[in-house]
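Residue-level listing of the chains:
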Amino acid sequence: MSRAKPSHLSKPVDEIALMSENTQLSSALKSLAIVNKELAFQNAEKEKRAAELVIANKELAFQNAEKGKRAAELVIANERLHGALMNTVRVAMILSELRDPYTAGHERRVAEISVAISAELGFDTSRQEGIRVAGYLHDVGKMVIPAEILAKPGKLTEIEYSLIKQHPQAGHDVLKGVEFPWPIAEVALQHHERMDGTGYPQGLRGEDIIVEARILAVADTVESMSSHRPYRAGLGIDKALAEIERGRGTSYDAAVAEVCLKLFREKGFNIPE
Ligand SMILES: [Fe+2]
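*Asks:* Mind showing me how you'd approach the overall build of the chain here?
*Replies:* Each helix and strand in the chain was counted, giving ten helices and zero strands. Secondary structure elements in the chain, listed N-terminal to C-terminal, are α-α-α-α-α-α-α-α-α-α. Over its C-alpha trace the chain gives a radius of gyration of 43 Å, far above what one expects of a compact globule, namely 19 Å for 273 residues. The C-alpha extent of the chain, read off along each of the three principal axes, is 160 × 40 × 35 Å. Put simply, the chain has 273 residues, and 35% of those count as buried. Long-range contacts, defined as pairs at least 24 residues apart, comprise 60% of the intrachain contacts of the chain with a sequence gap of at least 6. Positive and negative side-chain charges in the chain, numbering 35 and 39 respectively, have mean positions lying 6 Å apart.

Listed below in structure tokens is the structure:
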């Protein structure tokens, strides 16, 4: 016969187990609560940081917009300054042309021929513009030559020719005070130099002459020989090109002369009116 275990004997064991479970649960809940609080704190921090980032982004966007506005204003101011510079250059060119009406348009045409040569040589647009300005101003030093010498129909005396030869230096002295982004004063000084050292005023040779001046030298010769002068009728473009061919590599830079001959003979380039 089996004897059942009295119920009062098992009760304390269950209560102890339950109490232990409760303690564990309560401890786990407390830990969870701490973790939750920590997470909530971290989330709040993140939200705060995100809000700060939104504000910082807005500030950056504003600053960028301001910078963009300022850059656009600078571009406009720069264009205005550039326009003013070019207008001043044109005024100086007109004054130079008025001084020597017998060669009217010479500066403009030399500029166009020089720009065409420089484009063919691969100069970028800014450098081409520098060449144009140099063409406009290369003879500005003619101001120092008495008008009667410039207009003289006959052969020049030695003294008269020595006065003519002063115009590159005079042009340089006037232009060196202007802060151009291109070597305009140097081109004025060197445009009568020749590759073999036979030019003036310094008798420079080869690459001691800046390339812009070597281009001007070719364009100047082509224009001058083609056009009428007080002392002779225009010789025509064929004779002018024959002179460039004759002096290719001796008087004139070989590559520049080559490009010039190709422009006129093969590419249909003409001296502008
Ligand atoms: Fe000249």
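That was the structure; now back to the text.
*Asks:* Quick question: what am I supposed to make of the nonpolar core here?
*Replies:* In this structure, Ile117 and Val222 are the most contacted members of the largest nonpolar core, which totals 45 residues. Within the residue set of this core, elements represented by two or more residues are helix H1 (7-99), helix H2 (106-120), helix H3 (125-137), helix H7 (184-190), helix H8 (211-226), helix H9 (237-246) and helix H10 (254-265). Split by domain, this core shows at least three residues from each of two domains, domain 1 (35-99) and domain 2 (103-265). The residues touching Val222, leaving out its near neighbours within four places in the chain, are Ile113, Ile237, Ala240, Leu241, Ile244, Cys260, Phe264 and Ile271. Membership of the second largest hydrophobic core comes to five residues, among which are Ile145, Ile149, Leu150 and Tyr200.

*Asks:* Mind showing me how you'd approach the side chain of His167 here?
*Replies:* On the secondary structure map, His167 appears in helix H6 (residues 167-175). In terms of polar contacts, His167 uses its side chain to reach the backbone carbonyl oxygen of Ile164, at 2.7 Å. A distance of 3.4 Å separates a polar atom in the side chain of His167 from a polar atom in the side chain of His191. Discounting chain neighbours no more than four positions away, the residues touching His167 are Asp139, Gly141, Lys142, Ile145, His191, His192 and Tyr200.

*Asks:* What is the right way to look at the environment of Met225 in this model?
*Replies:* Tracing the sequence through the fold places Met225 in helix H8. Each C-alpha atom of the pair Met225 and Ile237 lies 7.4 Å from the other, and the pair is twelve residues apart in sequence. Non-local contacts of Met225, meaning those with residues more than four positions away in its chain, are made with Arg232, Gly234, Leu235, Gly236, Lys239, Ala240 and Glu243.

*Asks:* Quick question: what am I supposed to make of unusual backbone geometry here?
*Replies:* Backbone phi values are negative for most residues with the exception of glycine, while trans is the configuration of most peptide bonds. A cis amide bond, omega 5°, links Tyr200 with the succeeding residue Pro201. Residue position: Pro201 is located in the loop between H7 and H8.

*Asks:* What is the right way to look at the packing of aromatic side chains in this model?
*Replies:* For any two aromatic rings, the description comes down to two numbers: the centre-to-centre distance and the angle of the planes. Applying the stated criterion to the full structure yields one aromatic pair. When the ring centre of Phe123 is taken as origin, the NZ or CZ atom of Arg127, which lies over that ring, is 4.0 Å away.

*Asks:* Quick question: what am I supposed to make of the packing of H2 against H8 here?
*Replies:* To describe two helices that pack against each other, one gives the angle between their axes and the distance between the axes. It is the contact of H2 with H8, at a shortest axis distance of 9 Å, that shows an interaxial angle of 130°. By the angle class used here, H2 and H8 are oblique. Considering the relative orientation of H2 and H8, their crossing is right-handed. Residues His106, Arg109, Val110, Ile113, Ser114, Ile117 and Ser118 of H2 form the contact with H8, whose own contacting residues are Ile215, Leu216, Val218, Ala219, Asp220, Val222, Glu223 and Ser224.

*Asks:* Which parts of the structure should I look at to understand the coordination of the iron ion?
*Replies:* As a benchmark, a tetrahedral metal site with four donors has ideal angles of 109.5 degrees, while an octahedral site with six donors has ideal angles of 90 or 180 degrees. Every protein donor of the iron ion is accounted for by Asp139 (OD), His167 (NE2), His191 (NE2) and His192 (NE2), and the metal-donor separations fall at 2.2 to 2.4 Å. For the iron ion, the four donor atoms are set out with angles of 82 to 164° between them, so the coordination reads as irregular. In terms of primary sequence, the donors binding the iron ion are separated according to D-x27-H-x23-H-H. Taken together, the residues Asp139 in the loop between H3 and helix H4 (147-150) and His167 in helix H6 connect sequence positions 28 residues apart. By the burial criterion, Asp139 is buried, and His167 matches it.

*Asks:* Honestly, the domain arrangement of the chain in this entry has me stumped. Any pointers?
*Replies:* Many analyses report the size of an interface as the accessible area lost when the parts associate. Domain parsing of the chain yields domain 1 (35-99) and domain 2 (103-265). Each of domain 1 and domain 2 was reduced to a C-alpha centroid, and the two centroids are 44 Å apart. Opposite the eleven residues of domain 1 that make contact, domain 2 presents 18 residues. Here domain 1 meets domain 2 over a buried area of about 1,300 Å², counting both sides, of which 65% is carbon and sulfur. Taking the shortest distance from any N to any O, the salt bridge between Glu97 and Arg108 comes out at 3.4 Å. Here domain 1 is connected to domain 2 by six residue pairs in polar contact (both at pLDDT 80 or more).

Conventions adopted
Residues numbered from 1 in each chain as written. Predicted model: local features only at pLDDT ≥ 70, side-chain atom pairs only at ≥ 80, totals over all residues. Heavy atoms only, no water. Helix = DSSP H or I, 4+ residues; strand = E, 2+ residues; numbered from the N terminus. Rg over C-alpha atoms; globule rule 2.2 N^0.38 Å. Buried < 20%, exposed > 50% of the residue type's maximum accessible area, 1.4 Å probe, protein only. Contact = heavy atoms within 4.5 Å. Lys, Arg positive; Asp, Glu negative; His and termini not counted. Charge placed at Lys NZ, Arg CZ, Asp CG, Glu CD. Core = buried A, V, L, I, M, F, W, Y, C linked by side-chain atoms within 4.5 Å. Domains from an automatic or database assignment. Polar contact = N/O pair within 3.5 Å; in protein donor to acceptor, adjacent residues only side chain to side chain. Phe/Tyr/Trp six-rings, centres within 6.5 Å; stacked < 30°, edge-to-face > 60°. Lys NZ or Arg CZ within 6 Å of the ring centre and 35° of its normal. Axes fitted to C-alpha atoms, helices over the stretch in contact; angles between N-to-C directions. Parallel < 35°, antiparallel > 145°, perpendicular 65-115°, else oblique. Left-handed = near helix turned anticlockwise from the far one by under 90°. Donors = N, O, S within 2.8 Å, 3.2 Å for Na, K, Ca; no water. Tetrahedral: all angles 85-135°; square planar, octahedral: opposite > 155°, others 65-115°. Buried area = accessible area lost by both parts, 1.4 Å probe. Salt bridge = Lys/Arg side-chain N within 4 Å of Asp/Glu carboxyl O.

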